[in-house]
4 protein chains.
Amino acid sequence: MNSFGHIFRLTSFGESHGPAIGGVIDGMPAGIEVDMDFVQQQLNRRRPGQSALTTSRQEQDQVEILSGIFEGRTTGTPIGFMVRNSNQHSSDYDNLRDVFRPSHADYTYQHKYGVRDHRGGGRSSARETISRVVAGAFAMLVLRQHGISIQAYTSQVGPIALPLPYSALDLSLTESNPVRCPHPDTAQQMTELIEKVKSEGDTIGGTITCVVKGCPAGLGEPVFDKLHAVLGQAMLSINACHGFDYGAGFEGINQRGSEQNDTPDSGTNNSGGIQGGISNGRDIYFRCLFKPVATLLREQSVLDKDGRITTLKARGRHDPCVLPRAVPIVETMAAITLLDFMLQQQIHKERLPQ
Amino acid sequence: MNSFGHIFRLTSFGESHGPAIGGVIDGMPAGIEVDMDFVQQQLNRRRPGQSALTTSRQEQDQVEILSGIFEGRTTGTPIGFMVRNSNQHSSDYDNLRDVFRPSHADYTYQHKYGVRDHRGGGRSSARETISRVVAGAFAMLVLRQHGISIQAYTSQVGPIALPLPYSALDLSLTESNPVRCPHPDTAQQMTELIEKVKSEGDTIGGTITCVVKGCPAGLGEPVFDKLHAVLGQAMLSINACHGFDYGAGFEGINQRGSEQNDTPDSGTNNSGGIQGGISNGRDIYFRCLFKPVATLLREQSVLDKDGRITTLKARGRHDPCVLPRAVPIVETMAAITLLDFMLQQQIHKERLPQ
Amino acid sequence: MNSFGHIFRLTSFGESHGPAIGGVIDGMPAGIEVDMDFVQQQLNRRRPGQSALTTSRQEQDQVEILSGIFEGRTTGTPIGFMVRNSNQHSSDYDNLRDVFRPSHADYTYQHKYGVRDHRGGGRSSARETISRVVAGAFAMLVLRQHGISIQAYTSQVGPIALPLPYSALDLSLTESNPVRCPHPDTAQQMTELIEKVKSEGDTIGGTITCVVKGCPAGLGEPVFDKLHAVLGQAMLSINACHGFDYGAGFEGINQRGSEQNDTPDSGTNNSGGIQGGISNGRDIYFRCLFKPVATLLREQSVLDKDGRITTLKARGRHDPCVLPRAVPIVETMAAITLLDFMLQQQIHKERLPQ
Amino acid sequence: MNSFGHIFRLTSFGESHGPAIGGVIDGMPAGIEVDMDFVQQQLNRRRPGQSALTTSRQEQDQVEILSGIFEGRTTGTPIGFMVRNSNQHSSDYDNLRDVFRPSHADYTYQHKYGVRDHRGGGRSSARETISRVVAGAFAMLVLRQHGISIQAYTSQVGPIALPLPYSALDLSLTESNPVRCPHPDTAQQMTELIEKVKSEGDTIGGTITCVVKGCPAGLGEPVFDKLHAVLGQAMLSINACHGFDYGAGFEGINQRGSEQNDTPDSGTNNSGGIQGGISNGRDIYFRCLFKPVATLLREQSVLDKDGRITTLKARGRHDPCVLPRAVPIVETMAAITLLDFMLQQQIHKERLPQ
């Protein structure tokens, strides 16, 4: 149950403080030129320690490819890869061995398996997303050959929300600031809020918006694997993601059908590029809600394994706000999902009689 | 791609105006006593024509079991079942053959397959959910033996929202009114709004909240198949569902970690019963956003297959608001998801050394 | 676990004496013209009572399509179908309720599920293969558009073996006799042997050979899902099939590599059209071993559910030799397997850069 | 398509001359004590260069575990692992870049993917089975806790066949000779034959027999995933395996039902421990046919990529007979298959009402 995708399929492994994080990419199209600089650059975008807004853990997160590439091109066989864990301070976590952090996976892992690697959260650590980013980068190599681009950005941090829809923003500005918000004024406010929250040993959440341009019509399977349903699962599977909507979404709840329908007259795209679970060829856009990180660098009451209440002030290196580093992960999960549906749809294309 | 679940697995078939809707339930535990009255009663809860708030299509939706039951008990072999379509007015849909309804699946199906059954929406019709309701009822037969109960209710219609959280409501009142809202005053307001919208040939959306009680700790798989991620896919796969959140969700976006964490002191359940993608033994609750139905009984501009703009006023029988009938479908998808994870977790239980 | 195939996928249901046998075909290409006469004719080839060599159970085995076809063509949505069980003599099986037939599934089903439908073998009955034949017929509709033909025949009954390889036979003679052997003299000997065995209340096994012509190179996945490995599973999943080989197979065990290799000089096809698990464009051929049917119409010692030895002489209607009726089932499983791999390979085709 | 198993599931990667061979084991029960010496010892049994009968390629084949183990026990999370390729003589294969070896995967890979890593056979190399052996060793750690043992041995090389059934052999002698045949006299004859064949630059095939003792009744899924059908796929997926039978198999083809049935009187086990696709609690036994290796160290005619006939005398290091090294691989695939079915059956156990 550590795989995602049907045809283009990532199987991941790895714990935060084990030897390595990695995975196997199966179903990669053959003959694709591999741009390893691009793959590494995507990893760098999620790397800790990239700005004052993130955890100070310093990892190089250098990916090593173990198979599936020959003379610079993919061979159609599975791509094994790994990233060694290097900057581990496992002793920072000694105090977590017998204690369950509130709103954290500590208790549920222990209950599920009867055993857990408590160091750095083990498999529940967000370091697990390294595998996703590598697979997503390979997916993007294919998608961009087909003119599909994916861009995510931080659209809200706590109460500070972007005042404009994606269509009114210059998304090329996203990477110009550490919070990854394409609206400089709002980015500045978000940055200040995160710094304040960090200085208080607290954490804060918000939303990321993602936009897909150039997606052809016809992707998505009509019943259980609707395009937006699988995108929803993909996003909700990212650590700390607790909500998802697309198109008009929750903000359109007061609209009637006559207002929300995208008629030829209206020129709107309230459907978010998906109808009946299948892409219609227009821009796809959706939002992901991220809750505040559970691990606080201030004291809070916790339960220990014997059910007693005690207090804990986490050591270790933790993000005050996951949003900036989650932006490339959202893009990654969108890329994996879209390529998988695109390969599925290749079949449908073949199905049509000429 | 018409299957859902890994171990407890529904494969569905059927179009709105074809001979039948049905499916196969695989992975049903053996030896379970089958209460066919309960199964039929669940179908009756989603049936059209049950109140003035729903479409007037009159279907008996009588389920016929074709296999997998012997002397009143499940045998562990697959349960085939079907519901004949009976009250079809296919000619109501003749005007849709060459026209694509706005924000509807008409265009995307045509594009995906190159052919489509336009009558009543074909496979994109909400009649497809009949298969889900039957499978969900069988899942519930098992879940209730384990003390797990699932209850959903309409929590918002357009701007009219329930003023109370689930824990302050008497959920046993849900079925006491046609809108399926457990708060009688709010239910009355919702009913009036839906009737008004219906009289205008328009449609309206809202939210359904679902609560699971008695779920044991340990359900959910930690990375891609997090419990809330698969619940999210399950819900987003229901026709017209465009958003999902759980626990504090979008409404907690302004909270800091120190406020949202469920410490032993706080007594809160902002995590919604799920931590790290795994149930923690407390109540699970989540929300589903339903957009207004796309098909309007009033004139709107539409595209035809040659790309020309024309106008359409739908005939046929359509709901002004899907929420009341979607309540049992939300419960159904929760039941299928939970039983599947429960069976997966049986394995984990066996894994532990004694 | 009642599904077969990844993209073209059959999910089956049904017991011998339940209401119906049926299934769902998922992944059927859209736009294919449906020849229902052909589908029914395939069912007729496996039907009981078609000759003096088979069981006298008289079933019409009339298939009813429940979804997925519109105006004579497939729509790409799942095809639900069923065949009602009609000629049931359930009381013939009353004496099997508490007894386990030797070498039969009675005991293992009881042990696996704790409950079993003993009438006619329940789900272990060869009537289950009806679902396969329907799915196989749909697969053949696609395969023959691509010039792929599949022909199986009885190649050995007990000690009576065909004296010639497939390439020296006129396979069009296969259907000219009830034993389905394309060599009239051998067919006559086989018929006489089966009649003799039947008259003694006994049963006999043998082999079926299957030949695929026109299969393009490139089908099969290279490691676990090698083309011959999945063909092997497909064949071994047919009731009473206990062995499989392809190409030179067991009969080539004495050859050295220098003899068995298909060099450009040798002109041989000892590889059976498959190399490294992938088709090479030449004829594919393989053999299936069928053991003698376990149910005898003569007295034998058996165990009852309390572990006591008793004797049993089966009533009911049973085949003395399954081979003649298994011929279309072998073809069916080959068709399902090949179409699934062909659809998988469509993806690989798309993968190649132009 | 590089995964095997449903619950206990291996996903493999790696080419013969790439950086590493490895995989991910998903579904490993938690809390199992890990005996790494045992895992390495299994790898040593398949290692090249272990005797004069095998290829002289010298690889240490040292496995490195990358995740899923904590303080000496499995954690229930995926086990990533790899074996570095070290003793590569890639230049030995330069002459294969543009040539297709007869009866080898060279041509079919090229045709399937449009590109191939020709060095050492790339992914079609038997080095791929390293991943299987590691996963099989982990499966065995669980199986032996449940009293299940698996033992394979070479039962035939070319015309030299073991004169006794498994039940009359002392299987503990299997490892006492390099050919892995538990009957010393026969082993000696086999060894001499292999040495003779090797000296001629030729190759030879044969059969491996495998016996499972202690398997509980109830494993296997009744229709497509019959226990022997999945065992068949598992074995046929091993490089050079071209045939499979179990129980009486091909050798019982002349028997009638009255002879082959395992009645309480007969005391036979012609069913090979499986009835209706489900284990019955008795010994399971089956045979695997291995063809002679295709790569010869003598000259033969071959096709090049332009379709011209040329001659090739392979360099590189190749086995004259795969059987001795395939013995642990057969055991491995049996172990993976059985543990997967055992975990599936845990579910069925839970299904039964108490």
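Please refer to the structure placed before this passage.
Thresholds applied
- Residues numbered from 1 in each chain as written.
- Chains lettered and ligands numbered in written order.
- Predicted model: local features only at pLDDT ≥ 70, side-chain atom pairs only at ≥ 80, totals over all residues.
- Heavy atoms only, no water.
- Helix = DSSP H or I, 4+ residues; strand = E, 2+ residues; numbered from the N terminus.
- Rg over C-alpha atoms; globule rule 2.2 N^0.38 Å.
- Buried < 20%, exposed > 50% of the residue type's maximum accessible area, 1.4 Å probe, protein only.
- Contact = heavy atoms within 4.5 Å.
- Buried area = accessible area lost by both parts, 1.4 Å probe.
- Polar contact = N/O pair within 3.5 Å; in protein donor to acceptor, adjacent residues only side chain to side chain.
- Pairing = 2+ DSSP bridges.
- Least-squares fit on C-alpha atoms with pLDDT ≥ 70 in both.
- Salt bridge = Lys/Arg side-chain N within 4 Å of Asp/Glu carboxyl O.

A. Representation of the overall build of chain A in the model. When you go through chain A residue by residue, the secondary structure sums to seven helices and 17 strands. For 354 residues, the compact-globule estimate of 2.2 N^0.38 gives 20 Å, and chain A sits close to it at 21 Å. Along the first, second and third principal axes, the C-alpha set of chain A runs to 70 × 50 × 35 Å. Looking at the 354 residues of chain A, the share that counts as buried comes to 70%. Nonlocal contacts in chain A, meaning residues at least 24 apart in sequence, comprise 71% of its contacts between residues at least 6 apart.

B. View of the interface of chain D and chain C. Counting from both sides, the interface comprises 96 residues of chain D and, opposite them, 96 residues of chain C. Taking both partners together, chain D and chain C bury about 7,600 Å²; carbon and sulfur atoms supply 59% of that area. Counting the surface chain D buries against chain C, the share from its top three residues, M1(D), K112(D) and F224(D), is 12%. Here chain D is connected to chain C by 39 residue pairs in polar contact (both at pLDDT 80 or more). Summarising the sheet, strand β12 (residues 241-246) of chain C and strand β12 (residues 241-246) of chain D pair through three bridges and their orientation is antiparallel. Residue G243(C) lies in a different strand from β12(D), and its bridge partner there is D245(D).

C. Up close: the relation of the copies chain D and chain C. With an RMSD of 0.0 Å, the fit of chain D onto chain C corresponds to turning through 180° and sliding 0.0 Å along the axis. Taken together, these values place the two copies in the relation of a two-fold axis. Interface overlap between copies is the fraction of interface residues in one copy that are interface residues in the other; for chain D against chain C it reaches 100%, indicating a shared surface.

D. How the structure looks around the interface of chain B and chain A. At the interface, 96 residues of chain B touch 96 residues of chain A. Here chain B packs against chain A, burying approximately 7,700 Å² in sum over the two surfaces, 59% of which is carbon and sulfur. The interface formed by chain B and chain A holds four salt bridges in total. Residues E200(B) and R256(A) are paired through a salt bridge, measuring 2.6 Å at the closest nitrogen-oxygen approach. Inspection of the chain B/chain A interface yields 39 residue pairs in polar contact (both at pLDDT 80 or more).

Function cannot be inferred from these measures alone, as they are strictly geometric.
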